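What follows is the residue order along each chain.
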Amino acid sequence: MAEGFSTPRTSVLTLMLMLLMAVTASSITYAQDADDSAGPGITWDMPEHHMLYLKGTEAAPFLDRNWTTNTGEPLGKAEFTKTSSALSPTLLDIQSAPLAESFHFEGNITVRLFASLESSNDGCRFTNIVPGSPAGAETQFEVTLSLGSTTVLSQAPTNAVVMEESYLSAHVFTVQAIDVNATMSQGDLVSLRVDAQHNCFLTGVLWWGTYDATSGIILNGDVVDPLLDYSIDSNRMVRVEFTPISPWGPDDFHQQVLEIVGPMDWDGMLHGFGKEDQRLEHFEAPHGTRVGEANRTILTWSSENPLQPGRYMVDACFTVTDQDPGQLCDVIAVLRFEVPEDPRPMVVAMWAAVIVPLGMIVWIGASMREAMLPIQTYGVILLLALAALGPALHLPDIDANAPRSDGAAPSFALLSHGGGDLVKLSDLLSDSDAVVVGLFRTSSPNAERQHKDFEGAAIMIDADIAFVQIATGEGVQSVDLDTYALSLNELWPLLMDEADASVGEAFPSGATDAVIVIDSAGFITHWQPGTMSALEIEKAVSSASKGSGNNPLALFSMILSTAVLPLVVLAMPREREIVLPEGPLFPAAGSLMTAAAAALGFGMWALPVALMAALGLGSVWIWIELLLAAVLVYHGLSVLLRGRIAEVETLATKAYSRLPAGYRAWRDSASFSEDVYLGLWLAWLLWLRNPSMIPQGVGAVARSDLIGIPLSILAMLGFLFAAGIIVILARSLAMAPGGVSRVFGWLSVGMRPRAWGLASATLGAWVFLSLLVGPVLGSL
């Protein structure tokens, strides 16, 4: 927290800010009206005047912008006598520091001097006793003031005073220049010469350097011209930029407090207004700096969290070095802006929840034209259509160039800063247990924040982790990173995105500030806009080595919440009556064989997917997912048109032939195959809901460390076991209604798989289009 601004972000700060307008009414002109606050824009409240103070010692005085130190004892003085003012009247001939940039001034200028006798004495009142002369010996100053090459005052006399006080009640001498219009260039000086006319025999003193005796130049007009701006990225993170513009450089602005307040109405956006829970962000010390136009320093801040769509303001308070340090704010800005709604995709996923059940209903209607089926059959199909809403509601949107929010990280091969080596994601993954990627826009304060967080994480994490930062955004150039590269000092690769920001756009965050943690199989385990703390990085990396939370227990919670109803409808019994085994079988033979068959069907999908992830095919995973979507369409159409999937039937038949003869005598091959199909549909429902469950839960674990392979085998067995248990539960729920369930299941035994085949083909086609239009075309 910046020195002098130690007040925490509490209601105390709010009350102080609300009292500001009353406290500073004498020195601040509040220039906000209803018309200005009718929408987005900015309102500034500037000081009425600015100062150049007399500073230094008697031997080396100068003009300075900083308010005098808070003391009642003068820090500088210039003595004069009646004799010295007659022989050598010039007390001061001083200059300011050179201007840092050009400056045009319009307004009035007052030179104000504080002078007195060395001690209180009324001797000057009796010095002149000649009739017609003033009642006492007067003191007066002649002032010459120049702004660059423009002379504003030339030996202009101040008011005359018969001095009798000490510095404790110093006399004020002023002279003013009206309607000054002057232009100064960079490097010009403000020059001040003061001549004394002192007719008293007592020694006079010109004082400076006390809190209240502020001898110097008063500029009544606009001097500082700061800029306050904002930008909103694709994740609704707000970046605030402040450009401190002053003729004497950015150091004129001493400290600042900024808050993002909202959401709120336009007419309520006034300095100090807003409830405590509306004050979302509090900034003091800048998060970073960058160099802007005319080589100006720009202070930058970035919000910690995304903002919700709505209207907000940046309530900003700045202190300026020449203003009274007793004031809380010298310059006030209210920047009003609006966070828009997220752009709507080409086709929202909600349409899938309409298309899938509607397609099944249309299919039922078409079947009625050929032959009428029992009404119970149509009731079961309608129930299955409603059950399909669960997976349909979790499908991705279809949008152009949209990244895959769940899945593998986009493969990249980018040049490092300065035209160095080509760095590939595959190389980073081959040598590391995880890769932490920091995306940032050029000149973003989050680059340095990521730098600090990465350094902290590297200390905390024992595993072999690769860090890399990528400067993204269109048109990134090496020169844009020179300053930051010096700060980074080659701690990790600093890469430049492609000219069209294609790599950044392929990440879930888009081409903006974010931190992405990638596991050893190349899958995104966690990401966060802006930056990520060292502790959060450590937790994400630790989770990545354990499957990123994707385990058999997660399969239970996910399926039971969204996909259990389709399985229950599909698991309705085939037989109208319960058939008991003719001979003795081992205990729970039926349930065990159901679980085994379901595990077989689940493994037909899960084992190849896990193997591809374990082999490190993350760089082409988007194409693998496109292939999986096509396979889902094929499976759905096969069941819809032929009532079966050839390869599933072949595998199920071979597995069934190896079962005990007693079991085969009790349950036929069709019942066993139905359990295999249930396991397969469970795998597809899992993929639709969480595409990374098996690749991360098994494949990434296999690549994590030395014991990764045995752990991944155990994880795969756990998933197969969980699949069997879930199908058993689905069977149990389906048979719970008893005879009613058996009648409905028996009457719909041929229609249910075909109807679900239509739903599966539609779901697969939707995912295929989403992948093709979004990440696939975006990567080309």
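Residues numbered from 1 in each chain as written. Predicted model: local features only at pLDDT ≥ 70, side-chain atom pairs only at ≥ 80, totals over all residues. Heavy atoms only, no water.

1. Side note on helix α8 (residues 446-460)
Logical step 1: Look at α8: 21 Å from first C-alpha to last across 15 residues, which is about the 21 Å you get at 1.5 Å a residue.
Logical step 2: Residues of α8 that are buried include every one of Asn446, Ala447, Arg449, Gln450, His451, Asp453, Phe454 and Ala457, and no others.
Logical step 3: Looking at the buried side of α8, the elements it contacts are β18 (297-302), β23 (434-441), β24 (465-472), α9 (482-488), β26 (514-519) and α11 (534-544). (Helix = DSSP H or I, 4+ residues; strand = E, 2+ residues; numbered from the N terminus. Expected span 1.5 Å × (residues − 1). Buried < 20%, exposed > 50% of the residue type's maximum accessible area, 1.4 Å probe, protein only. Contact = heavy atoms within 4.5 Å.)

2. A look at unusual backbone geometry
Logical step 1: For the bond running from Gly262 to Pro263, omega is -5°, close enough to zero to count as cis.
Logical step 2: Take Pro263: it is sitting in the loop between β15 (253-261) and β16 (279-283).
Logical step 3: Positive phi, close to 60°, is recorded for Glu490, a residue that is not glycine.
Logical step 4: The phi dihedral of Ala501 falls on the positive side, at around 60°, and the residue is not glycine.

3. Quick word on the domain arrangement of the protein chain
Logical step 1: Along its sequence, the protein chain is organised into domain 1 (47-220), domain 2 (223-337), domain 3 (347-399 + 550-575 + 588-772) and domain 4 (411-543).
Logical step 2: If you average the C-alpha positions of domain 3 and of domain 4, the two centres end up 38 Å apart.
Logical step 3: Each side of the interface is counted separately: domain 3 has eleven residues, and domain 4 has eight residues.
Logical step 4: Both faces considered, domain 3 and domain 4 share a buried interface measuring about 800 Å² in area, 53% of it formed by carbon and sulfur atoms.
Logical step 5: The interface formed by domain 3 and domain 4 contains zero salt bridges.
Logical step 6: Taken together, domain 3 and domain 4 are joined by four residue pairs in polar contact (both at pLDDT 80 or more).
Logical step 7: When grouped by side-chain class, the residues that make up the side of domain 3 that touches domain 4 number four nonpolar, six polar and one charged. (Domains from an automatic or database assignment. Buried area = accessible area lost by both parts, 1.4 Å probe. Salt bridge = Lys/Arg side-chain N within 4 Å of Asp/Glu carboxyl O. Polar contact = N/O pair within 3.5 Å; in protein donor to acceptor, adjacent residues only side chain to side chain. Nonpolar A, V, L, I, M, F, W, Y, C, P; charged D, E, K, R; others polar.)

4. Some details on the packing of helix α4 (residues 350-368) against helix α5 (residues 375-387)
Logical step 1: In contact at an axis separation of 9 Å, α4 and α5 are set at 160° when each is read in the N-to-C sense. Between α4 and α5, the crossing angle belongs to the class labelled roughly antiparallel. The crossing of α4 and α5 is right-handed. Where α4 approaches α5, its residues Pro357, Met360, Ile361, Trp363, Ile364, Ser367 and Met368 are matched on the opposing element by Tyr378, Ile381, Leu382, Leu384 and Ala385. (Axes fitted to C-alpha atoms, helices over the stretch in contact; angles between N-to-C directions. Parallel < 35°, antiparallel > 145°, perpendicular 65-115°, else oblique. Left-handed = near helix turned anticlockwise from the far one by under 90°.)

5. A closer look at the state of the cysteines
Linking two cysteines covalently through their sulfur atoms gives a disulfide.
Logical step 1: In total, this model carries two disulfides according to the counting rule given.
Logical step 2: There is a disulfide in this structure between Cys317 and Cys329, and the S-S distance comes to 1.7 Å. For the disulfide bridge between Cys317 and Cys329, the dihedral angle about the S-S bond is near -115°, and by the sign convention the bridge is left-handed. Residue Cys317 is found in strand β19 (residues 310-320), and its partner Cys329 is found in the loop between β19 and β20 (331-339); the two are separated by twelve residues along the sequence. (Disulfide = S-S within 2.5 Å.)

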